[in-house]
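The chain contents come next:
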Amino acid sequence: MPTITVSLGERAYPIRIEAGLIDRVGAHARQLLGDCSLAIITDDNVAPLYLQRVEASLDAAGLRHSSIVLPHGEPTKCLAQLSNLYDFLCESHVTRTDAIIALGGGVIGDLAGLAAATFLRGIRFIQVPTTLLAQVDSSVGGKVAVDLPQGKNLVGAFYQPAAVLCDPLTLNTLTEDYWRDGLGEVVKYGCICDEELFALLEKCAPGGRQALMAEIDTILQRCIQAKADVVAQDERDTGLRMTLNFGHTIGHAVETCQHYNGLRHGEAVALGMAVITRLTEGRGLTAPGTAARLEALLAALHMPMELPPIPESDLISAMGMDKKAAGKALRVILLDAIGQCRIHTADTDFFRGMR
Ligand code: NAD
Ligand code: GLY
């Protein structure tokens, strides 16, 4: 399987996708970083499955290591756990020539990445993503962050890893919920820039997870290549990178209105993509038939497509587009057709009539 490169000049880095890579982390770390000590950060679901295997690979490569196992889940992505990590890194005598391994999903990747960005003013880190969402999205592109009580990802940095090591076989142990979370993002890449990927998903979706896993190398490769291309052109998220938010404006509004206690993130994104595409097709901004094709794929994946019973005014206020944004131009990501998107400038009335 070829290595994908995120082309960021001196900060360019490789993303390897390879079955069984979890057992070769040590060899890759040695090749990438030389002789150093590795601080592994993981969570209590991932540790029993994969920590020993990563440690054994580091032993085999003759690399020293220490590890910390944090509680799983979004609440771990917080300042208190970041501070806990600084204690762990000090106790492990981590120096500027050492490195962190983030072993887990997006929560661990974002938190460990922020620790790497800030400890000793920045040390190297390797992402070893183990969820579908982390493999196709969060481990690539250098956005690292923790949440504050006031909102998600409010303290963070752009800090690129030294490498991403992605083992598709780790997805076999994911629960169905988290598998579906990642699938929402996978469909998004097909929609915004890769019609061939979309067609592959259409072919596999009726066969369920097993059929999708049979094509997982291709699926991961296409999604990661798409993200790497976007990040290389717009690392700081001032233009093109916004296209990755397709479906997210409505999706996030639904998640907020449901107090993160209703639809899961991937489901909310799926529904957000369906709703915006119906809206823009109805207004002649999207090629006829696009919404029906998207909805057929989402239905085959058992993803929701209809808004839950939340008043439109609540959704619009959750988007921050009511009084705060009145009179301001909004940038909305919409599809021209499957595989092609653009950033459309609209006013705050754009989302009215979405139900
Ligand atoms: P997560 O890290 O909480 O992982 C999901 C669950 O799966 C956890 O319970 C975890 O313990 C478990 N798990 C992980 N790998 C497993 C495996 N192989 N087998 C069994 N269980 C496993 O969540 P996530 O969905 O991976 O990531 C969500 C986070 O990612 C959010 O905090 C979000 O803000 C962030 N995110 C960041 C970016 C970015 O660009 N940095 C992009 C998208 C999302
Ligand atoms: N997940 C959006 C981004 O990386 O920009």
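Every chain is numbered on its own, with residues counted from 1 as its sequence reads. Naming scheme: in the order in which they are written, chains are lettered from A and ligands are numbered from 1. Where local features are concerned, this predicted model is filtered to residues with pLDDT of at least 70; where side-chain atom pairs are given and counted, the filter is 80 or more; whole-chain, interface and lining totals use all residues. Side-chain calculation: all heavy atoms of the structure are included, whereas hydrogens and water are not.

Trainee: Tell me about the site of ligand 2, residues and numbers included.
Mentor: Working definition: residue near molecule or strand if any one of its non-hydrogen atoms lies within 4 Å of it. Surrounding ligand 2, one finds D137, K143, K227, R241 and L244. For this analysis, a polar contact is any N or O atom pair within 3.5 Å, provided that within protein one partner can donate a hydrogen and the other can accept it, and provided that sequence-adjacent residues contribute only side-chain to side-chain pairs. K227 is positioned with one of its side-chain polar atoms (N or O) 2.5 Å from an oxygen atom of ligand 2. In the model, an oxygen atom of ligand 2 is placed 2.7 Å from a nitrogen or oxygen of the R241 side chain. Calculation on ligand 2 without its partners gives an accessible area of 200 Å², and the protein chains cover 83% of this total. Following the grouping adopted for this structure description, the nonpolar residues are Ala, Val, Leu, Ile, Met, Phe, Trp, Tyr, Cys and Pro, the charged ones are Asp, Glu, Lys and Arg, and the polar ones are all others, Gly among them. Taken together, the residues that form the shell around ligand 2 break down as 1 nonpolar, no polar and 4 charged. A 1.4 Å probe and the Shrake-Rupley method give the accessible areas. Residues count as covered only by the protein chains that appear here.

Trainee: I'd like to hear about the nonpolar core, residue by residue, with values.
Mentor: Nonpolar cores were defined as sets of buried Ala, Val, Leu, Ile, Met, Phe, Trp, Tyr and Cys residues, with membership established by side-chain atoms within 4.5 Å. Three labels apply to residues, based on accessible area from a 1.4 Å probe with only protein chains included: buried if under 20% of the type maximum, exposed if over 50%, partly exposed otherwise in between. Counting residues in hydrophobic clusters, the biggest one holds 71 residues, and the most contacted among them are L132, V187, I250, F351 and M354. Put simply, DSSP H or I for four residues or longer makes a helix, DSSP E for two residues or longer makes a strand, and each gets a number counted from the N terminus. No other element matches helix 9 (residues 216-233), which puts 9 residues into this core. Residue contacts are counted whenever heavy atoms from the two residues lie within 4.5 Å of one another. When sequence neighbours within four positions are dropped, the list of residues in contact with L132 reads L171, L174, W179, G182, L183, V186, I216 and L220. Ranked by size, the runner-up nonpolar core spans 23 residues in total, among them L82, L85, A115 and V146.

Trainee: Tell me about the packing of helix 10 (residues 248-257) against helix 11 (residues 265-282), residues and numbers included.
Mentor: Fitted lines through C-alpha atoms give the axes, limited to the stretch in contact for helices. The angle between two N-to-C directions lies from 0 to 180 degrees. Taken N-terminus to C-terminus, the directions of helix 10 and helix 11 make an angle of 130°; their axes are 7 Å apart at the nearest point. Taken together, helix 10 and helix 11 sit at an angle that is classed as oblique. Our pair here, helix 10 against helix 11, has a crossing hand that is right-handed. Residue-level contacts link H248, I250, G251, H252, V254 and E255 of helix 10 to H265, A268, V269, L271, G272, V275 and I276 of helix 11. Considering only residue class, the contact of helix 10 with helix 11 consists of 7 nonpolar, 5 polar and 1 charged. Roughly parallel means an angle under 35 degrees; roughly antiparallel means over 145; roughly perpendicular covers 65 to 115; every other angle is labelled oblique. Should the near helix be turned anticlockwise from the far one by less than a right angle, the crossing is termed left-handed; should it be turned clockwise, right-handed.

Trainee: I'd like to hear about a nonpolar patch on the surface, residue by residue, with values.
Mentor: A patch consists of residues whose relative accessible area exceeds 30% and which take part in no salt bridge; residues with like charges are grouped when within 9 Å of each other, and nonpolar side chains (Val, Leu, Ile, Met, Phe, Trp, Tyr) when within 5 Å. A carboxyl oxygen of Asp or Glu within 4 Å of a side-chain nitrogen of Lys or Arg is what we treat as a salt bridge. A cluster of nonpolar residues, L79, L154 and V155, forms a patch on the protein surface that exposes about 240 Å² of accessible area. As for its placement among the helices and strands, L79 is situated in helix 3 (residues 79-91). Given the relative accessible area of 43%, L79 is considered partly exposed.

Trainee: Describe in detail the site of ligand 1, supporting the description with residues and values.
Mentor: Around ligand 1, the structure places 25 residues, and the nearest of them are D43, E74, T130, T131 and T173. Here an oxygen atom of ligand 1 sits 2.9 Å away from a polar atom, N or O, in the side chain of K77. Across the complex, the protein chains shield 88% of the 870 Å² of accessible surface that ligand 1 would expose by itself. Taken together, the elements giving at least two residues each to the shell around ligand 1 come down to helix 2 (46-60), helix 4 (106-118), helix 5 (132-138) and strand 8 (151-158). Looking at the shell around ligand 1 residue by residue, the class counts come to 7 nonpolar, 10 polar and 8 charged.

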